[in-house]
Amino acid sequence: MTAKAAGHDDEPGIAAGEAAAGTRPVAGARRAALGDPLVELLFRLGDDRLILGHRLSELTGHGPILEEDIATANMALDLIGQAASMLKLAGELEGKGRDEDALAYFRDAVQFRNCLLVEQPNGDFAQTMARQFLFDAYSVLLLDELSRASHAGIAAVAAKSLKEAKYHLRHSSEWVLRLGDGTDESHARMQRAIGALWRFTGELFVADEVEAAAAAKGAAVDLSGVQARWDTMVDDVLARATLRRPTDTAMQRGGRSGRHTEHLGHLLATMQIVARSHPGATW
Amino acid sequence: MEPTPNAPADETALNAAFEAKIAAGDSIEPKDWMPERYRKQLTRMMSQHAHSEIVGMLPEGNWITRAPSLRRKMSLIAKVQDEAGHGLYIYCGTETLGVDRFDLYNQLLDGSAKYSSIFNYPTLSWADMGVIGWLVDGAAIVNQTVLAKTSYGPYARAMVRICKEENFHKRQGYEICATLAAGTPAQREMLQDAVNRFWWPALMMFGPSDKDSPNSAELLRWRVKRKTNDELRQRFVNLTVPQAQAIGITLPDPDLRYNEATKNWDFGEIDWAEFFEVIKGNGPCNKERLAARNKAHDDGRWVREAATAYAEKQAKKRQTEAA
Amino acid sequence: MSDSHWPLWEVFTQGAQGEPFEHAGSLHATDAEHALQNARDVYARRGEAVNLWVVPSTAITASAPSDAGPFFDPGNDKAYRHPQFYKVPRGVKVF
């Protein structure tokens, strides 16, 4: 959040509600720094999983084979469950009376803190699994660190999520291997997917003042260490899958400060429509 | 698995042994001799059941992305996921009859196989998720509880597992309905509208009236079916009316009234013309449902091929390493 | 290449440590690891299992119904294989 991605943020209509909010990334950064860094950290963790879980849930019933439909639904359920615990904790720490549903359904796109990677559309199955794999590798490493946090609440939710994330990683890396080293067509599709998504991976490892402040409050994450291990892990799978690691990719960022791609606004428009059409209703 | 070859000379004896087994209430297992007609009827019935589970994912899947709370979203995903699982269990059960799941599935895709008519109706509001769970799953459970005692072992075992898992489906549906019924005027209106749309199609789920059900007699004799369509339909109505009353919802049938003599809830005439139109493929969503299944299948072809190719490469690699 | 005809696998689940493995059902997968993962998602998603076996369906040899007589009836009249066959003096509780 200390630097903003040039160009990207200036595109018109990046996300629904953005113009009305009228904030620049710097203002977002100041607001975050003034708030509780643990709340901000939990928004990032929870929103990543909520948005990715939602994306996977779009596929329920539309997978390439029945067995995979069931697997995808399992991952969606795990991720949304993780998001619910993380946002619940965020709401409690924030102390404004917002529960996980208020946070999921009544924030605008600019208030979401997920990374850009998870909001990218499902595309073909190669893109879905590439997105999953790139995120899972990051997620396992990050949750592993957070599971040892001195903040008990965060450590507990991270430890529980870590078990599920490890299984997701096993599943998604198997598919990267199958598609990368399967047929010519699947190889081409997986290589294209990795290439298309690579520009959203840089953001995962950019440390900012939220990380520093969260570390001071008992939830330290060494993002450069995470990045080094992620590189090794991803390189290994890509090599075994006969895939090339993209080089010279200009990285995009902004998700952590509410500067999203255009996709998030549409996702939220769908996700929030019923809840927002009946304010105050119980479901 | 190869169907057991029938030597015509033995057939009378084999048939007698089979009928004796059925009469004794024993279960028929895949390798047992069975009349071709029994095999055929079961294959038809089981694959229709499996297809229904798979197509049934679509109307509810339509609301997963719009579920109004995280808890509801998770229950709905889990429910639709179970439907995939149940389709899979039943397809696997059907495979024990010597047919390949992919061949059965192709019959669904090319429109030659039938599935439950209920899934050809659109889901138009969130309340439909409650009403489908309550009425559609409620009807399915009435059917399936009886099928758990069906004469074919693999089918019965699949149904036992399915019934156990589906217990939550109806409850989650009824909970949604009860919540909406106790909610805002808009929520109550949404619920009543959904009940109005789904009540009659839910009654049609039990199939044509006994007098128009050509397969029923044979299936009953073989204990594949254990109750007639009309018996099950009546049981469902009797169970459901008090549930509707408990949440203050009106079932859209002016002829619905309790019959003291029979202890049944009598209900009005079902529009069978509509039923047969939907079965023929002319329901509101038949085309959309099949198009969605075909799209998923076509989009997934390269994925399935890649997985096969990868497995073959790996096997070859292991062979060379071992050599 | 033929589409879709992934081999069939039989899945066995162990409900708790120390319990026997039971047949849960079958599924399609391309290889053993794939079958194991699918089995986890299809047959253990409610926490029904602590261990899984997957076996290619083609690897299973089953007794034929026509064998039922010679295979199993002889076991029915060997009462001496069961403890109830043997008499123990009254009052002895060890057994």
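Read on for a plain summary of the structure. Note that the structure is predicted; figures quoted are calculated from it, not measured.

Some thoughts on the overall build of chain B
Thought 1: Helix and strand counts for chain B stand at twelve helices and two strands.
Thought 2: The linear arrangement of helices and strands in chain B, starting from the amino end, is α-α-α-α-α-α-α-α-α-α-β-β-α-α.
Thought 3: Structurally, chain B occupies a C-alpha span of about 75 × 50 × 35 Å along its principal axes.
Thought 4: For chain B, the proportion of its 323 residues judged to be buried stands at 58%.
Thought 5: Entry remark: accessible area of chain B is about 13,500 Å², with carbon and sulfur atoms responsible for 55%.
Thought 6: Across chain B, the mean location of the 42 positive side-chain charges is 4 Å away from that of the 42 negative side-chain charges.

Looking at the overall build of chain C
Thought 1: For chain C, the count of helices and strands is two helices and three strands.
Thought 2: Going from N to C terminus, chain C has its helices and strands arranged as β-β-α-β-α.
Thought 3: Computed over its C-alpha atoms, the radius of gyration of chain C comes to 21 Å, more than 25% above the 12 Å expected for a compact globule of 95 residues.
Thought 4: Within chain C, buried positions represent 31% of all 95 residues.
Thought 5: The contacts in chain C between residues at least 6 apart in sequence include a share of 41% that link residues at least 24 apart.
Thought 6: In the form shown here, chain C has an accessible surface area of approximately 6,200 Å², with 58% of it arising from carbon and sulfur atoms.
Thought 7: Within chain C, one finds 8 positive and 11 negative side-chain charges whose respective centroids are separated by 20 Å.

Focus: unusual backbone geometry
Phi is mostly negative for residues that are not glycine, and the peptide bonds are mostly trans.
Thought 1: One non-glycine residue with positive phi stands out, namely T242(A), at about 60°.
Thought 2: Considering the arrangement of structural elements, one finds T242(A) in the loop between α11 (223-240) and α12 (262-277).
Thought 3: T242(A) gets classed as partly exposed once you look at its relative accessible area, which sits at 42%.
Thought 4: Look at K263(B): it is not a glycine, yet its phi comes out positive at around 60°.
Thought 5: With respect to the element layout, K263(B) can be found in the loop between β1 (257-259) and β2 (264-266).

Brief notes about the sheet that holds strand β1 (residues 8-14) of chain C
Residue and element names in this part refer to chain C.
Thought 1: The three strands lie next to each other as β2-β1-β3, forming an open sheet whose pairing is antiparallel. A single partner strand is all that each edge strand has here, and the edge strands are β2 (21-28) and β3 (51-56). Pairs of neighbouring strands in the sheet enclose a mean axial angle of 25°, with direction left out of account.
Thought 2: Relative to β2, β1 runs antiparallel, the two sharing seven bridges. The residue of β2 that forms the bridge with T13 is E22.

A word on a positive patch on the surface
All names here are of chain B.
Thought 1: Residues K149, R226, K227 and R235 make up a contiguous surface patch of positive charge.
Thought 2: With respect to the helices and strands, the residue K227 is situated in the loop between α9 (216-221) and α10 (229-246).
Thought 3: A residue is classified by how much of its surface remains accessible, and K227, at 32% relative accessible area, is partly exposed.

Regarding the interface of chain C and chain A
Thought 1: Between chain C and chain A, the residue contacts involve 14 residues of the former and twelve residues of the latter.
Thought 2: Among the residues chain C hides against chain A, the three largest losses belong to Q37(C), R40(C) and D41(C). Together they make up 40% of the total.
Thought 3: At the surface where chain C touches chain A, the tally comes to one salt bridge.
Thought 4: The shortest N-O distance in the salt bridge between R170(A) and E33(C) comes to 2.9 Å.
Thought 5: Joining chain C to chain A, the criterion identifies six residue pairs in polar contact (both at pLDDT 80 or more).
Thought 6: Secondary-structure elements contributing two or more residues to the side of chain C that touches chain A are β2 and α1 (32-43) of chain C.
Thought 7: Taken together, the residues of the side of chain C that touches chain A break down into five nonpolar, five polar and four charged.

Re the side chain of E67(A)
Thought 1: For E67(A), the position within the fold is in helix α4 (residues 66-94).
Thought 2: With relative accessibility at 0%, the residue E67(A) sits in the buried group.
Thought 3: Other than its neighbours up to four places away in sequence, E67(A) contacts L88(B), R101(B), L27(C), H28(C), N38(C) and V42(C).

Quick word on the nonpolar core
Thought 1: Core analysis: the largest hydrophobic core is formed by 193 residues, its most contacted members being Y38(B), W126(B) and L27(C).
Thought 2: Apart from the residues lying within four places of it in its own chain, the contact partners of L27(C) are E67(A), L88(B), C92(B), P7(C), L8(C), W9(C), V11(C), A35(C), N38(C), A39(C), V42(C) and Y43(C).

Re the interface of chain B and chain A
Thought 1: Across the contact, 47 residues belong to chain B and 47 residues belong to chain A.
Thought 2: Regarding the contact of chain B and chain A, the summed buried area is about 3,900 Å², with carbon and sulfur atoms giving 71% of it.
Thought 3: Contact with chain A buries area across many residues of chain B, yet L70(B), W302(B) and Y310(B) alone supply 20% of it, more than any other trio.
Thought 4: One can count two salt bridges joining chain B with chain A.
Thought 5: One salt bridge in this structure joins R101(B) and E67(A), with 2.7 Å as the shortest N-O distance.

Regarding the packing of helix α2 (residues 36-55) of chain B against helix α7 (residues 153-181) of chain B
Residue and element names in this part refer to chain B.
Thought 1: Packing of α2 against α7 brings their axes to within 13 Å, and their N-to-C directions diverge by 25°. Considering their axes alone, α2 and α7 lie roughly parallel with respect to each other. Once α2 is placed against α7, the crossing between them reads as left-handed. Packed against α2, whose contacting residues are L42, M45, M46, H49 and E53, the element α7 presents Y155, M159 and E166 at the interface.

Description of the pattern of salt bridges
Thought 1: For the structure shown, the criterion picks out 47 salt bridges over all chains.
Thought 2: Measuring nitrogen to oxygen at the nearest pair gives 3.0 Å for the salt bridge that ties E185(A) to R189(A). Linking E185(A) with R189(A), this pair stays in helix α9 (residues 184-197), spanning four residues, or about one helical turn.
Thought 3: Linked by salt bridges that have partners in common, D82(B), R161(B), E165(B), R45(C), R46(C) and E48(C) make up one network.

Structural notes on a nonpolar patch on the surface
All names here are of chain C.
Thought 1: A contiguous nonpolar surface patch, about 340 Å² in accessible area, is contributed by Y80, F85 and Y86.
Thought 2: Examined against the element boundaries, Y80 turns out to sit in the segment after α2 (68-72).
Thought 3: Residue class for Y80 comes out partly exposed when judged on its relative accessible area of 43%.

A word on α4(A)
Thought 1: For α4(A), spanning 29 residues, the distance from its first C-alpha to its last is 42 Å, which sits close to the expected 42 Å at 1.5 Å a residue.
Thought 2: Most of α4(A) is tucked away: 24 of the 29 residues are buried.

So, the side chain of D128(B)
Thought 1: Tracing the chain through its elements places D128(B) in helix α6 (residues 127-147).
Thought 2: According to the relative accessible area criterion, D128(B) is buried, its value standing at 0%.

Each value, and the rule that gives it
Residues numbered from 1 in each chain as written. Chains lettered and ligands numbered in written order. Predicted model: local features only at pLDDT ≥ 70, side-chain atom pairs only at ≥ 80, totals over all residues. Heavy atoms only, no water. Helix = DSSP H or I, 4+ residues; strand = E, 2+ residues; numbered from the N terminus. Buried < 20%, exposed > 50% of the residue type's maximum accessible area, 1.4 Å probe, protein only. Areas by Shrake-Rupley, 256 points an atom, 1.4 Å probe, with all protein chains shown as cover. Lys, Arg positive; Asp, Glu negative; His and termini not counted. Charge placed at Lys NZ, Arg CZ, Asp CG, Glu CD. Rg over C-alpha atoms; globule rule 2.2 N^0.38 Å. Contact = heavy atoms within 4.5 Å. Pairing = 2+ DSSP bridges. Axes fitted to C-alpha atoms, helices over the stretch in contact; angles between N-to-C directions. Patch = residues over 30% accessible without salt bridge, like charges linked within 9 Å, V, L, I, M, F, W, Y side chains within 5 Å. Salt bridge = Lys/Arg side-chain N within 4 Å of Asp/Glu carboxyl O. Buried area = accessible area lost by both parts, 1.4 Å probe. Polar contact = N/O pair within 3.5 Å; in protein donor to acceptor, adjacent residues only side chain to side chain. Nonpolar A, V, L, I, M, F, W, Y, C, P; charged D, E, K, R; others polar. Core = buried A, V, L, I, M, F, W, Y, C linked by side-chain atoms within 4.5 Å. Parallel < 35°, antiparallel > 145°, perpendicular 65-115°, else oblique. Left-handed = near helix turned anticlockwise from the far one by under 90°. Expected span 1.5 Å × (residues − 1).

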